[in-house]
Amino acid sequence: MNDAARITVQGAVPYDVVVGRHLLGELPALIGPDARKVLVIHPAALSTTADVLQEDLRASGYDAYVAEVPDAEEAKTAQVAAFLWGLLGQLDFTRTDAIVGVGGGATTDLAGFVAATWLRGIRVVQVPTTLLAMVDAAVGGKTGINTAEGKNLVGAFHPPAGVLCDLASLESLDRWDLVAGLAEVVKTGFIADPRILELVEEHADALRGWAGAEAAPETWAVLAELIERSVRVKAAVVGEDLKEAGLREILNYGHTLGHAIELTERYQWRHGAAVSVGMVFAAELGRMAGKLPDDVVDRHRAILTSLGLPVSYRGDKWDQLLSAMRRDKKSRGDLLRFVVLDDVAQPTRLEGPDPALLVAAYAEVAKEPPTGGPGTPVQLTLG
Ligand code: GLY
């Protein structure tokens with residue numbers, strides 16, 4: 001095969017995440033010989049890709065079908081899941097058959113959830129097409145849908161049978177979607193891999209100005225390395241702790257405040273933008289809790305700002321954010337839990353911090369005027 005990287009995620013049934021270009025020919029090997037039927041789940045924007053996959057799968061001897069689902073979070077509803085269950089029933093999908101999820105994190109979450117629940121679990125191969133899905137959503141087996149009360153409240157841990165990260169799909173990715181995805185990459189750097197931080201620092205301008213198919217070969221190479229490194233970290237973490245009993249929590253660095261901002265903004269902010277502010281808050285908490293050196297906190301602001309990501313948020317929103325954090329599904333009982341750093345690549349847990357510490361850390365986040373608005377990666381571009 002070409003120069004694709006193959007990263008194995010350990011667990012009850014190990015699987016590979018393949019990172020490279022033009023990998024779709026790999027799909028049959030990941031689906032495996034036992035499946036006869038395959039359902040390819042995709043949003044409208046990826047109809048052409050899904051049709052190509054269907055033809056390839058048919059040529060490889062499968063009965064392949066496609067199912068179009070709504071775009072982005074609109075896909076993650078009980079109604080859409082029920083529509084897919086209906087389809088699987090009408091097509092007589094059995095335990096050995098398989099699902100392929102092609103799209104961003106919402107599509108892969110939905111496809112994984114439907115695979116997890118159909119006949120108590122059938123194979124799913126994920127084909128993430130956004131940076132965020134490649135480095136986070138599609139790897140690690142978290143699947144789920146939303147309810148009216150909140151995001152990802154219904155779901156299952158259901159590791160995929162394989163993940164194909166085809167870099168070619170990033171050629172047409174919106175520049176700010178790429179930048180927002182980089183927030184998770186930077187998170188991975190801070191919690192586990194300092195080389196990621198150096199690479200982003202060296203290439204921030206080119207990454208921030210992501211030119212897709214027109215991007216320089218060097219930028220593509222850097223992006224490929226960043227994806228590979230991020231996936232390696234995630235693979236190592238979820239390989240050890242699939243069900244978030246301990247280690248996996250480190251992947252939530254920046255997410256406690258980040259989720260609260262997303263809720264406060266009624267999910268009109270990109271996830272990565274909210275996590276960016278959340279990381280600055282977590283860094284301030286780490287500093288004030290006593291360990292994280294000032295220069296590492298400064299480095300958070302410098303790297304995120306160099307990518308165009310926001311590092312501040314509205315001072316008047318603290319009470320709302322605090323109550324949202326208390327309701328976060330990751331909190332246990334009344335106790336607020338944060339991932340903080342003692343240093344780069346030294347994550348630790350901060351449980352039930354002194355409320356005064358939280359207020360002081362937030363004051364640092366609210367000191368600067370909030371960043372955002374048109375021409376930034378904050379606001380979702382709604383199609
Ligand atoms: N997105 C965090 C996790 O997969 O655990």
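All values derive from a computational prediction rather than experimental measurement.

Caption draft 1: Structural detail: the overall build of the chain. A tally of helices and strands in the chain yields 13 helices and 11 strands. Radius of gyration (C-alpha) of the chain: 20 Å, near the 21 Å computed for a compact globule of 383 residues. Principal-axis analysis of the C-alpha atoms places the extent of the chain at approximately 60 × 45 × 40 Å. Partitioning the contacts of the chain with sequence separation of at least 6, the portion at a separation of at least 24 is 74%. A total accessible area of about 15800 Å² is found for the chain, and carbon and sulfur atoms account for 51% of it. Of the side-chain charges in the chain, 36 are positive and 51 negative, and the distance between the mean point of each set is 5 Å.

Caption draft 2: Expanded view of the site of the ligand. Taken together, Asp136, Lys142, Lys234, Glu244, Arg248, Leu251 and Asn252 make up the full set of residues near the ligand. With respect to the ligand, the side chain of Lys142 contributes an N or O atom lying 3.0 Å from an oxygen atom. Side-chain polar atom of Lys234 to an oxygen atom of the ligand: 2.6 Å apart, as the coordinates give it. Against a free-state accessible area of 200 Å², the protein chains account for coverage of 88% of the ligand. Along the lines of polarity and charge, the residues of the shell around the ligand split into one nonpolar, one polar and five charged.

Caption draft 3: Molecular detail of the nonpolar core. The biggest cluster of nonpolar side chains holds 88 residues, and the ones touching the most others in it are Val17, Leu170, Ile227 and Phe281. Here the element with the most residues in this core is helix 8 (residues 217-240); it accounts for 11 residues.

Caption draft 4: Local environment of unusual backbone geometry. In this structure, Glu244 is a non-glycine residue whose phi angle is positive, near 55°. Under the relative-accessibility criterion, Glu244 is labelled buried at 14%. Phi angles above zero are rare outside glycine, and Tyr267 is one such case at about 60°. Note that Tyr267 resides in the loop between helix 9 (255-264) and helix 10 (271-288).

Caption draft 5: Looking closely at the sheet that holds strand 5 (residues 98-103). One open sheet accounts for seven strands, arranged 1-2-9-6-5-3-4; its pairing is mixed. Single-partner strands in this sheet number two, and they are strand 1 (5-9) and strand 4 (63-69). Neighbour to neighbour, the strand axes of the sheet diverge by 15° on average, direction disregarded. Pairing between strand 1 and strand 2 (residues 15-20): five bridges, direction antiparallel. For Val9, the partnering residue across the bridge sits in strand 2 and is Tyr15.

Caption draft 6: Layout of the packing of aromatic side chains. One pass over the full model with this rule turns up eight aromatic pairs. With a centroid separation of 5.5 Å and an interplanar angle of 90°, the aromatic rings of Trp269 and Tyr313 are classed as edge-to-face. A residue pair is termed long-range when its members are at least 10 positions apart, and Trp269 in the loop between helix 9 and helix 10 and Tyr313 in the loop between helix 11 (294-306) and helix 12 (318-327) qualify at 44 residues. Residue classification places Tyr313 among the buried positions, given a relative accessible area of 2%. An aromatic cluster is built from Phe281, Trp318, Phe338 and Tyr362, whose rings are joined through pairwise contacts. The residue whose ring lies beneath Arg21 is Trp220, and the NZ or CZ to ring-centre distance is 4.4 Å. Between the NZ or CZ atom of Arg175 and the centre of the ring of Trp176, over which it lies, the distance is 4.3 Å.

Caption draft 7: Structural view of the packing of helix 9 against helix 12. Interaxial distance between helix 9 and helix 12 falls to 8 Å at its minimum, and their mutual angle equals 115°. For the element pair helix 9 and helix 12, the recorded crossing hand is right-handed. Across the interface between the two elements, Thr256, Leu257, Ala260, Ile261, Leu263 and Thr264 from helix 9 touch Trp318, Gln320, Leu321, Ala324, Met325 and Arg327 from helix 12. Its residues assigned to classes, the contact of helix 9 with helix 12 shows eight nonpolar, three polar and one charged.

Caption draft 8: Region of the structure containing the pattern of salt bridges. Under the counting rule described, the total for this entry stands at 27 salt bridges. Here Glu73 ties to Lys151 by a salt bridge, and the two come within 3.8 Å at their closest N and O atoms. Remark: Lys151 occurs in strand 8 (residues 150-157) and Glu73 occurs in the loop between strand 4 and helix 3 (78-90); sequence separation between them is 78 residues. Between Glu244 and Lys142 there is a salt bridge, with the nearest N and O atoms lying 2.7 Å from each other. Of the two residues, Glu244 is situated in the loop between helix 8 and helix 9 and Lys142 in strand 7 (residues 142-147); the sequence distance between them amounts to 102 residues. Each of Glu249, Arg337, Arg349 and Glu351 takes part in a single network of salt bridges with overlapping partners.

Here is what the cut-offs are and how they apply
Residues numbered from 1 in each chain as written. Predicted model: local features only at pLDDT ≥ 70, side-chain atom pairs only at ≥ 80, totals over all residues. Heavy atoms only, no water. Helix = DSSP H or I, 4+ residues; strand = E, 2+ residues; numbered from the N terminus. Rg over C-alpha atoms; globule rule 2.2 N^0.38 Å. Contact = heavy atoms within 4.5 Å. Areas by Shrake-Rupley, 256 points an atom, 1.4 Å probe, with all protein chains shown as cover. Lys, Arg positive; Asp, Glu negative; His and termini not counted. Charge placed at Lys NZ, Arg CZ, Asp CG, Glu CD. Near = heavy atom within 4 Å. Polar contact = N/O pair within 3.5 Å; in protein donor to acceptor, adjacent residues only side chain to side chain. Nonpolar A, V, L, I, M, F, W, Y, C, P; charged D, E, K, R; others polar. Core = buried A, V, L, I, M, F, W, Y, C linked by side-chain atoms within 4.5 Å. Buried < 20%, exposed > 50% of the residue type's maximum accessible area, 1.4 Å probe, protein only. Pairing = 2+ DSSP bridges. Axes fitted to C-alpha atoms, helices over the stretch in contact; angles between N-to-C directions. Phe/Tyr/Trp six-rings, centres within 6.5 Å; stacked < 30°, edge-to-face > 60°. Lys NZ or Arg CZ within 6 Å of the ring centre and 35° of its normal. Left-handed = near helix turned anticlockwise from the far one by under 90°. Salt bridge = Lys/Arg side-chain N within 4 Å of Asp/Glu carboxyl O.

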